[in-house]
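Letter by letter, the chains look like this.
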Amino acid sequence: KQEVTQIPAALSVPEGENLVLNCSFTDSAIYNLQWFRQDPGKGLTSLLLIQSSQREQTSGRLNASLDKSSGRSTLYIAASQPGDSATYLCAVSQGGSEKLVFGKGTKLTVNP
Amino acid sequence: GAVVSQHPSRVICKSGTSVKIECRSLDFQATTMFWYRQFPKQSLMLMATSNEGSKATYEQGVEKDKFLINHASLTLSTLTVTSAHPEDSSFYICSALAGGNNYGYTFGSGTRLTVV
């Protein structure tokens, strides 16, 4: 059974810092990995999707990497801003299934 | 970009009543929709996978007679919580999967259900 773990559970940084969020998964036979952002009491916003054949994806200040063999992904946020404060969720889908398995998320607080 | 509309955003109901939550893909067709439940400070737990025109596939431990899912068209899926009880109070989120060049998962804004 696939399990997704995110470390740390919470992170507080001053504005302007670069930071890294970590995600690990137990079964490397994934179809893709996706990073989401969730604001309190809201749904999820997709940030980056990495196919299993890819190593990284970039969007603006965000960069996500994938090392499928070691079961790890990182989300790098450059020059963090208070508006980046949210919970960041990592999810993987298995080959042959379109279901997503989520981690518990990392709650990020960027202090002005 | 793809948009999924979920309604209502909040609902309070009495124990024993039923509540229907709608999930619509506004600008794309979704052959597959997913329903999740999220408890405070917890991750999303998949409840069921809904395919247009066929019966939903429920995850282990999810009562299909309690959580009725209907996916009548390529743009609409509904979740009905029947005979709701306080323990059903939670945050419910739907997701629609788009295929082709726009492949990806789009989530609704969620429904906060409180059963009193």
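The following refers to the structure shown.

Definitions and limits used
Within each chain, residues carry numbers counting from 1 in the order of the written sequence. The naming scheme follows written order: chains are lettered A onward, ligands numbered 1 onward. In keeping with the predicted nature of the model, local features appear solely for residues at pLDDT of at least 70, side-chain atom pairs appear and are counted solely at 80 or more, and the whole-chain, interface and lining totals rest on all residues. Only heavy atoms go into the side-chain values, all of them from the structure, while hydrogens and water stay out. Note on definitions: a residue-residue contact is assigned when non-hydrogen atoms from the two residues lie within 4.5 Å. As a working definition, buried area equals the accessible area (1.4 Å probe) given up by two parts on being put together, with both sides summed. We define a salt bridge as a contact between a side-chain nitrogen of Lys or Arg and a carboxyl oxygen of Asp or Glu at a distance within 4 Å. The definition of a polar contact used here is a pair of N or O atoms within 3.5 Å, where within protein one atom must be able to donate a hydrogen and the other to accept one, and adjacent residues in sequence count solely through side-chain atom pairs. The helix and strand labels rest on DSSP assignments: H or I over at least four residues marks a helix, E over at least two residues marks a strand, and numbering proceeds from the N terminus. Polarity classes work like this: nonpolar for Ala, Val, Leu, Ile, Met, Phe, Trp, Tyr, Cys and Pro, charged for Asp, Glu, Lys and Arg, and polar for all others, with Gly in that last group. By definition, two strands form a pair when at least two bridges between them are found by DSSP. To obtain each axis, a line is fitted to C-alpha atoms, and for helices this fit is confined to the stretch in contact; angles are then taken between N-to-C directions over 0 to 180 degrees. Each residue gets one of three labels from its accessible area relative to the maximum for its type: buried under 20%, exposed over 50%, partly exposed in between, using a 1.4 Å probe on protein chains only.

**A few points about the interface of chain B and chain A**
- Listed as interface residues are 19 residues of chain B and, on the opposing side, 20 residues of chain A.
- For the chain B and chain A pair, buried surface summed over both sides reaches about 1,500 Å², with 57% attributable to carbon and sulfur atoms.
- The largest per-residue losses of area from chain B upon contact with chain A belong to Tyr103, Tyr105 and Phe107 of chain B, which jointly make up 37% of the total buried on that side.
- Where glutamate 59 of chain B meets lysine 99 of chain A, a salt bridge forms, and the shortest distance between an N and an O atom there is 3.1 Å.
- In this assembly, chain B and chain A are joined by six residue pairs in polar contact (both at pLDDT 80 or more).
- Among the elements of the structure, strand 4 (32–38), strand 5 (44–51), strand 9 (90–98) and strand 10 (104–107) of chain B are those that each provide at least two residues to the side of chain B that touches chain A.
- Here the element with the most residues in the side of chain B that touches chain A is strand 4 of chain B; it accounts for four residues.
- Partitioned by chemical class, the residues of the side of chain B that touches chain A number 10 nonpolar, eight polar and one charged.

**A short note on the sheet that holds strand 3 (residues 19–25) of chain A**
All names here are of chain A.
- On the basis of which strands lie adjacent, the open sheet formed by five strands has the order 1-3-8-7-6 and antiparallel pairing. Because the sheet does not close on itself, it has two edges, and the strands there are strand 1 (4–7) and strand 6 (56–59). The sheet shows a mean angle of 15 degrees between the axes of neighbouring strands, direction not considered.
- Pairing between strand 7 (residues 62–67) and strand 8 (residues 72–77): six bridges, direction antiparallel. For leucine 62, the partnering residue across the bridge sits in strand 8 and is isoleucine 77.

**Topic: the side chain of serine 80 of chain A**
Residues and elements named next belong to chain A.
- Position of serine 80 relative to the elements: it lies in the loop between strand 8 and strand 9 (86–94).
- A distance of 2.8 Å separates the side chain of serine 80 from the backbone oxygen of glutamate 17, its partner in a polar contact.
- Sequence-distant contacts of serine 80, that is, excluding residues within four places in its chain, are made with Val13, Pro14, Glu15, Gly16, Glu17, Leu19, Arg61 and Val110.

**Details of the environment of leucine 75 of chain A**
Residues and elements named next belong to chain A.
- Examined against the element boundaries, leucine 75 turns out to sit in strand 8.
- By relative accessible area, which is 0% here, leucine 75 ends up buried.
- As a C-alpha pair, leucine 75 and glycine 41 span 34 residues in sequence and 22 Å in three-dimensional space.

**Looking at unusual backbone geometry**
- Following isoleucine 7 of chain A, the chain continues to proline 8 of chain A via a peptide bond in cis, the omega torsion being -5 degrees.
- Position of proline 8 of chain A among the secondary structure elements: in the loop between strand 1 and strand 2 (10–14).
- Backbone torsion omega between histidine 7 of chain B and proline 8 of chain B reads -5 degrees, so that peptide bond is classified as cis.
- Here proline 8 of chain B lies in the loop between strand 1 (4–7) and strand 2 (10–13).
- Phi at alanine 79 of chain A is positive, roughly 45 degrees, even though this residue is not glycine.
- Among the structural elements, alanine 79 of chain A can be located in the loop between strand 8 and strand 9.
- For alanine 79 of chain A, a relative accessible area of 37% translates into the label partly exposed.

**A look at the sheet that holds strand 3 (residues 19–25) of chain B**
Residue and element names in this part refer to chain B.
- If you trace the four strands from one edge of the open sheet to the other, you get 1-3-8-7, paired in antiparallel fashion. Two strands in the sheet have a free side with no partner beyond their single neighbour: strand 1 and strand 7 (67–73). Mean inter-strand twist for the sheet, computed between neighbouring axes without regard to direction, equals 15 degrees.
- As paired strands, strand 7 and strand 8 (residues 76–81) are joined by five bridges and run antiparallel to one another. Bridging across to strand 8, asparagine 70 finds its partner in threonine 78.

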